Every structure is written in structure tokens, then in C-alpha cells.
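# Examination of the molecular architecture
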Amino acid sequence: MSASVLYDAPGPKAVVRNRIYAVVGSLAIAALIVVSVLRLADKGHLAPEMWDIFNYAGIRQNIADAVLATLKAFGLAAVGSLVLGVLLAVGRLSDHKPVRWVATTFIELFRSLPLLITIYAIWVGFLTDYSMWALAAGLSVYNGCVQAEVLRAGINSVPKGQSEAAYALGMSKTQVMTTVLMPQAIRSMLPTIISQLVVTLKDTSLGFIILYPELLQTARLIASNTQVNGQYPYVSTIVVIGTIYIAMCLLLSALATWIEKRGRRAKTGIKVAPGVQTADIPTAEDIPGPRAGGAGGAGPTVDGAAGAGVTKD
């Protein structure tokens, strides 16, 4: 019987064959890496002088300014995309057909257009002298459409009974959306939202097409204007800038993981009452006053039970 419902468990021959394929593939990849490194070393791209350029204060300052410019564009785009995403998601779920049609058309239009075309069109048509705002606006429009679909999926995943109960309590649709549906949608779709923000951070590299001095544009200028031993340090520059991109994306992912873990904790602030112990429950002997039907008791008896109390006539 197969060990999985998705595929049949491999037999002994298949296991051996898969291991051979894995070993051969790993050796091929390792050989490709070795050949690439040797070719780069032969051409002088791995020489110490190619990496020594990053010890210059001017180049370090250029990279620091580029990181700051990248984070500025990303911050504006992140806020803009989230705000636009909420508005478009609410608009697409609206009961008014014109609002729903406008939101749907906007989402489908800008999701279909390449992001680079959107950024370039905004820069040329509206913000020629403000490349940072053009980049942030283009990223906000595209990623806002994606975030809207993510939020809409999260809202639709909330059980309908919750919204029906809220309506039964007399809440308006705005109150239901803002206090019942949207918080749960954001909490359930938070990993996807953060993943799209990571994509937004990487897409800031498209700012080079509109001459915005972000990391990629700065890397191109450094590599093309700095000559070492008669060669341009493209390889070392790409490695350093790529490492910075990876570090920023990993930090953003770590932040997302931390926020998600904190979001799982209950923060009601209501203290739970301690459980009642058996010893704290009063017994019949602890209750003052007459008792019924006790042997030799002083209380009234019924049906001729022995006792000093009043008997039935």
C-alpha cells in the first residue's frame, strides 16, 4: 500500500536510482560552480584589488545613501500599497455595483500591466522631476492591487456566521467590516501580506530605469565608473549589492515572523477566575437551621419518622 495519497512510494530500485540522480546532479552543480569561479579568477575579477574598492569612504557613503534611498521608496510603497489594498478590497466587496465595477476594473488593469511600464508611465506623465515619488506610486499601484486580492480572500474566508451575528446585533456594514471581518482577514493573511512586501522591497530595483539612485542604480554607477587593473569591478559590485538585498529581505521576513507570533497570543486582558475547590463547597452539616429526615434530629419529621419534632396528624 502506498505511503502517500499523492504519489506511490518508490521501490528499492527507484530509491537507488533517485540517489544516483541526486549525487550526479550535485556533482554537476559543484563542477559548474568551480568552472565559473576559475574563469572569473583567470580574468582577474576575484583579485583582492577588485574588492578593496569597498574600503574607500566615498564608495561606502554612496552605498549607504543608496540603502537609505531604497528604504525610503520601500516605506512609501509599503504604506501606499496597504492603504490602497484595503480600499480596493472593500470596494470590490461593496454592495453598490458602480463601486464594485470600478474597483474590479482598476485591479485587473494594473495587475495585467508590467510593473516597469507602470513606473515609467507615471514618471514620464506626471512626476518627471520626482523619481522617488514616481517609483513609490508605481509600486503602490501594482502591489496595492495584489494586496487587495489577498485581503479579499481573507475576508471571504471568515465564517459567514460571524458577520450575520454582527448584523443581528444591529451593527452597520462599516462596523462589521472594520471590527469583525478586516482584523481577522489581516491576521489570517499576514504571511502572504508580508511576502508581498518582500517582493515590493526587491522591486525597488526597477527605479534604475527612471534614474532613481537606489541600490541597483548606485551599483551600476560604481561598477562603470571605477576601473581597477584595466577592468571594471562588476562581479564584486554585484556580489556586495546582492548581499545587501538578501540581508534586507531576511530582516523583513524575520520581522514578519515575529509579528505573526505575537499576533497569535491572546491579549484579552480578562483574568480567569480560579476554579472552585471541593473543600470550599458547604455541606449539609455546615448549613444552619432545621434539617429534614435526620436520625435523632431536632427538626420536624414526616410520615412518622422517629424524632422529637412535630409529627404528622
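Residues numbered from 1 in each chain as written. Predicted model: local features only at pLDDT ≥ 70, side-chain atom pairs only at ≥ 80, totals over all residues. Heavy atoms only, no water.

All right, on to the overall build of the protein chain then. From N to C terminus, the protein chain includes eleven helices and zero strands. Of the regular secondary structure in the protein chain, the N- to C-terminal order runs α-α-α-α-α-α-α-α-α-α-α. By the burial criterion, 30% of the 313 residues in the protein chain qualify as buried. Restricting the contact set of the protein chain to residue pairs at least 6 apart, pairs at least 24 apart contribute 68%. With the model as given, the accessible surface of the protein chain reaches about 20,400 Å², and the carbon-plus-sulfur share is 66%. (Helix = DSSP H or I, 4+ residues; strand = E, 2+ residues; numbered from the N terminus. Buried < 20%, exposed > 50% of the residue type's maximum accessible area, 1.4 Å probe, protein only. Contact = heavy atoms within 4.5 Å. Areas by Shrake-Rupley, 256 points an atom, 1.4 Å probe, with all protein chains shown as cover.)

In the numbering adopted here, UniProt assigns the feature "transmembrane region" (unreviewed entry) to residues 20–41, 62–89, 109–127 and 232–259. Structurally, residues 20–41 is divided into 100% helix and 0% strand, and its ends, taken at the C-alpha atoms, are 31 Å apart. The span residues 62–89 is 100% helical and 0% strand by assignment, and the distance between its end C-alpha atoms comes to 40 Å. (UniProt positions renumbered as here; feature names shortened; annotations may be inferred.)

To continue, consider the side chain of threonine 218. Here threonine 218 shows up in helix H10 (residues 215–225). Of the residues examined, threonine 218 reaches a relative accessible area of 10% and is grouped as buried. Leave out the neighbours within four places in its chain, and threonine 218 touches Asn62, Ile63, Ala66 and Pro213.

Turning next to a nonpolar patch on the surface. A surface patch of nonpolar side chains, about 500 Å² in accessible area, is lined by Ile29, Ile33, Val37, Leu46, Trp51 and Val239. Per-element accounting of the nonpolar patch gives the leading share, three residues, to helix H1 (residues 12–42). Along the chain, valine 239 turns up in helix H11 (residues 234–263). For valine 239, a relative accessible area of 39% puts it in the partly exposed group. (Patch = residues over 30% accessible without salt bridge, like charges linked within 9 Å, V, L, I, M, F, W, Y side chains within 5 Å. Salt bridge = Lys/Arg side-chain N within 4 Å of Asp/Glu carboxyl O.)

Take the pattern of salt bridges next. Considering all chains together, one arrives at four salt bridges under this definition. Between glutamate 108 and arginine 92 there is a salt bridge whose closest N-O contact spans 3.7 Å. Of this pair, glutamate 108 sits in helix H4 (residues 97–112) while arginine 92 sits in helix H3 (residues 57–92), and the two are 16 residues apart along the sequence. The residue glutamate 149 makes a salt bridge to arginine 111 at a minimum N-O spacing of 3.8 Å. In this pair, glutamate 149 sits in helix H6 (residues 131–157) while arginine 111 sits in helix H4, placing the two residues 38 residues apart along the sequence. Overall, arginine 111 belongs to the partly exposed group, its relative accessible area being 40%.

Time to look at the packing of aromatic side chains. The full count for this structure, using the stated rule, is three aromatic pairs. Between phenylalanine 106 and phenylalanine 110 the ring centres are 4.7 Å apart and the planes differ by 45°, which places this aromatic pair in the tilted class. Separated by four residues within a single helix, phenylalanine 106 and phenylalanine 110 lie in helix H4, roughly one turn from each other. You can call phenylalanine 106 partly exposed: its relative accessible area is 27%. (Phe/Tyr/Trp six-rings, centres within 6.5 Å; stacked < 30°, edge-to-face > 60°.)

For leucine 211, which is not a glycine, the phi torsion comes out positive at approximately 65°. Examined against the element boundaries, leucine 211 turns out to sit in the loop between helix H9 (190–203) and H10. Residue leucine 211 is classed as exposed on the basis of its relative accessible area of 56%.

The next thing to look at is the confidence of the model for the protein chain. Per-residue confidence for the protein chain averages 80 on the pLDDT scale, and 81% of its residues sit at or above 70. Note on residues 266–273: pLDDT is under 50 here. Beyond four places in sequence and across chains, it has one contact. Across residues 291–313, confidence stays below pLDDT 50; counting only partners more than four residues off in sequence or on other chains, it has 17 contacts. (pLDDT = per-residue confidence, 0-100.)

Turning to the side chain of glutamate 214, a few remarks are in order. Considering the arrangement of structural elements, one finds glutamate 214 in the loop between H9 and H10. The charged side chain of glutamate 214 is buried without a salt bridge, its nearest counter-charge being arginine 220 at 7.8 Å. A distance of 2.8 Å separates a polar side-chain atom of glutamate 214 from the backbone nitrogen of leucine 216. Within the local environment of glutamate 214, its side chain forms a polar contact with the side chain of tyrosine 245, the two groups lying 3.2 Å apart. (Lys, Arg positive; Asp, Glu negative; His and termini not counted. Polar contact = N/O pair within 3.5 Å; in protein donor to acceptor, adjacent residues only side chain to side chain.)

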